[in-house]
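Close look at the chain arrangement
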Amino acid sequence: MPASQSLDSFDRAILAILQKDNTTPQRVIGEAVNLSAPAVQRRIKRMEETGIIRANVVLVDPAKVGHPITLFVEVEVESERAELIDAAKRSFVAVPEVQQCYYVTGDADFILVVTVATMADYEALTRRLFFENNNVKRFRTFVAMDRVKVGLEVPLG
């Protein structure tokens, strides 16, 4: 059974609260959804164990910690052989500046979201990730001018 079908209205309400602030005390969540704190705790634990809740993280403003430049990079590879695609995925995952990586359909094979301190840092990154990789055919970069909306909140409607 897909995880979404195993979520009841209490689980969805708990997730909605945690997605906004995962430091909300279980007692406060319980009051908001009409459950006891231990019941909330059991539900959260179950959702963590089943992978519905993947992590508890802090969202950091990149500009305030010295990484003011956000870039979107389309990457096209020469060969889509499984082992080469897997190697590309591993190389992108290993780089901390790559915030998100998507294997996609269309003209590009990957879309990356990258954050760097300077364009010189990005140039160095392109040399390591793209120019030194024989399987990268081309890449195209888009520089974000403004972070209008950034979030990872999943609609639970």
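Up top is the structure.
Remember, it's a predicted structure, so these values are computed and weren't measured experimentally.

Here's the deal with the packing of helix H2 (residues 26–33) against helix H3 (residues 37–49)
- Running from amino to carboxyl end, H2 crosses H3 at an angle of 100°, the nearest separation of the two axes being 8 Å. As summarised for this structure, H2 and H3 are arranged roughly perpendicular, according to the angle between their axes. Across the interface between the two elements, Gln26, Arg27, Ile29, Gly30 and Val33 of H2 pack against Ala37, Val40, Gln41 and Ile44 of H3.
- Within the contact of H2 with H3, the residues separate by chemical class into 5 nonpolar, 3 polar and 1 charged.

Structural notes on the packing of aromatic side chains
- Applying the stated criterion across every chain yields a total of 5 aromatic pairs.
- Judged by centre distance (5.2 Å) and plane angle (35°), the rings of Tyr103 and Phe110 are tilted.
- Of the residues examined, Tyr103 reaches a relative accessible area of 41% and is grouped as partly exposed.
- Ring geometry for Phe131 versus Phe139: centroids 5.4 Å apart, planes at 75°, classification edge-to-face.

Here is what the cut-offs are and how they apply
Every residue gets a number counted from 1 within its own chain, in the order that chain's sequence is written. Reporting in this predicted model follows two pLDDT cut-offs: at least 70 for local features of residues, and 80 or more for side-chain atom pairs to be given and counted; totals over whole chains, interfaces and linings ignore these cut-offs and use all residues. Think of the side-chain values as coming from all heavy atoms in the structure, minus any hydrogens and water. Under this scheme, a helix contributes an axis fitted over its contacting stretch, all axes are lines through C-alpha atoms, and angles between N-to-C directions fall in the 0 to 180 degree range. Only DSSP runs of H or I reaching four residues or more are called helices, and only runs of E reaching two or more are called strands; each is numbered from the N terminus. Our angle categories are set so that under 35 degrees counts as roughly parallel, over 145 as roughly antiparallel, 65 to 115 as roughly perpendicular, and the remainder as oblique. Note on contacts: a residue pair qualifies if any of its non-hydrogen atoms lie within 4.5 Å across the two residues. Each residue is assigned to one class: nonpolar for Ala, Val, Leu, Ile, Met, Phe, Trp, Tyr, Cys and Pro, charged for Asp, Glu, Lys and Arg, and polar for all the others, Gly among them. What counts as a ring pair is set by centres within 6.5 Å for rings of Phe, Tyr and Trp (its six-membered ring), and what kind of pair is set by the plane angle: stacked under 30 degrees, edge-to-face over 60, tilted for all other angles. Three labels apply to residues, based on accessible area from a 1.4 Å probe with only protein chains included: buried if under 20% of the type maximum, exposed if over 50%, partly exposed otherwise in between.

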